[in-house]
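Report on the structure
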Amino acid sequence: MFVALRDIRFARGRFALMGAVVTLITTLVVFLYGLTGGLAREASSAVAGLPVDRIVFGAPAGASPEVSFSNSTIGPEQRRAWAQAPGVSSAEPFGVAMTRLTAGRTAVSVSAFGTSDALLPALVSGHAPQPRKGQAAVSESTARENGIRVGDRVTLGTERLTVSGLTADRSFGHAPSVWTSLPTWERVSHQQHPTALAVKGDGTPRDTSTGSGSGATPDASASARTTTKAVSVDAALAGIDGYAAEHGTLQLIQGFLFAVSALVVGAFFTVWTVQRKPDIAVLKAVGASSAYLVRDALAQALVVLVAGAALGGAAGVAGGALAAASVPFELGAATVTVPVLAMVALGLAGSALAVRRITSVDPLTALGATR
């Protein structure tokens, strides 16, 4: 460690440059993590926040059900079958449709949800929409940005509705959500049947030989009896148009950045090890073991990586706090911790591959045996 620290002080410029590269890559990864989380929240929070175990997608008789909110429809028989299925405590139908909310002279694209009070997000003010009374609950941020208050009259699609309450912010397909009763939603969306079912198990154990699992997982046999497909809430997010492609692309970019960071750090220490070959030979000649020199080199890499990643994480937090005011950005502990730890771990892996050259250095080189 003594040699490593002296080495860093001796070549301050080179190690500062390497640390700056690590800092910039970490900052970029933190931004990507925050942006990925923010975009995922904007695309899926209305579904991800449902207090249920399964989302059930349906299809007309003879068709194959798929995980898609755009193509799913749930008929009365399917609703009854799931409501009566063993292990199911509730099977709440809900509808999803993209439409426009008009309030005064302002209009905004929204996702309209029709469902019961059981699936409604937490109310900030007012009360839940009453069935068949032409009411809707609007997300708090949408109401604030468009000057909407409880009791105001708005137009959802072509339907004139009264704002009964304001809910916690939820969105679907990057459009803020507006919540209303299922009969009102059917008029707004011009659809006769709900989109899907939100199913919650009763927690009773069942025979696992049927493949239905146990605990709160609803009985999968209901899917076999009806033209439906039940998936977890997380899996249901893939049914949101564009969600999988958007999320997968950002995660792929993150993976490439991590790979680049490992290669860059590894390349730097490979070159550095080659340049220090005579010094390493001298140290071996006076009794330093290969294991000691490898530990020393990895400690040197760890110092550079920790310093650079910590600075990059701090820069990412500061920049993310500013960015959150104008773009969807999720700022949390995981947003910073995961990229920083990954950068350090992958950087060390790249360094380990680079400094393995130390074990092959011949100490006789220091004594001029090769001259």
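In this text the structure is predicted, and so the values were computed from the model without any measurement. (Residues numbered from 1 in each chain as written. Predicted model: local features only at pLDDT ≥ 70, side-chain atom pairs only at ≥ 80, totals over all residues. Heavy atoms only, no water.)

Bringing the overall build of the chain into the picture now. Secondary structure summary: the chain contains eleven helices and eleven strands in total. A globule of 371 residues ought to have a C-alpha radius of gyration of about 21 Å, yet the chain, at 29 Å, is considerably larger. For the chain, the C-alpha atoms occupy an extent of roughly 95 × 55 × 30 Å along the three principal directions. Scored against the burial criterion, the 371 residues of the chain give a buried share of 46%. Sequence separation of 24 or more characterises 79% of the internal contacts of the chain that already satisfy a separation of 6 or more. With the model as given, the accessible surface of the chain reaches about 17,500 Å², and the carbon-plus-sulfur share is 60%. Distance from the positive charge centre (29 side chains) to the negative charge centre (23 side chains) of the chain: 9 Å. (Helix = DSSP H or I, 4+ residues; strand = E, 2+ residues; numbered from the N terminus. Rg over C-alpha atoms; globule rule 2.2 N^0.38 Å. Buried < 20%, exposed > 50% of the residue type's maximum accessible area, 1.4 Å probe, protein only. Contact = heavy atoms within 4.5 Å. Areas by Shrake-Rupley, 256 points an atom, 1.4 Å probe, with all protein chains shown as cover. Lys, Arg positive; Asp, Glu negative; His and termini not counted. Charge placed at Lys NZ, Arg CZ, Asp CG, Glu CD.)

This next bit is on the environment of Val 110. Structurally, Val 110 can be placed in strand E3 (residues 106-114). The sequence separation of Val 110 and Pro 176 amounts to 66 residues, and the corresponding C-alpha distance is 5.1 Å. Discounting chain neighbours no more than four positions away, the residues touching Val 110 are Ala 97, Met 98, Thr 99, Arg 100, Leu 101, Leu 156, Ala 175, Pro 176 and Val 178.

Attention now moves to the side chain of Thr 115. Along the polypeptide, Thr 115 turns up in the loop between E3 and strand E4 (123-126). Among the residues examined, Thr 115 registers a relative accessible area of 8% and is labelled buried.

What follows concerns the environment of Ser 232. Secondary-structure assignment places Ser 232 in strand E11 (residues 228-232). As for Ser 232 and Val 199, which are separated by 33 residues in sequence, their C-alpha atoms are 9.7 Å apart. With residues near it in sequence (within four places) discarded, Ser 232 still touches Asp 53 and Arg 54.

This is a description of form; function is not addressed.
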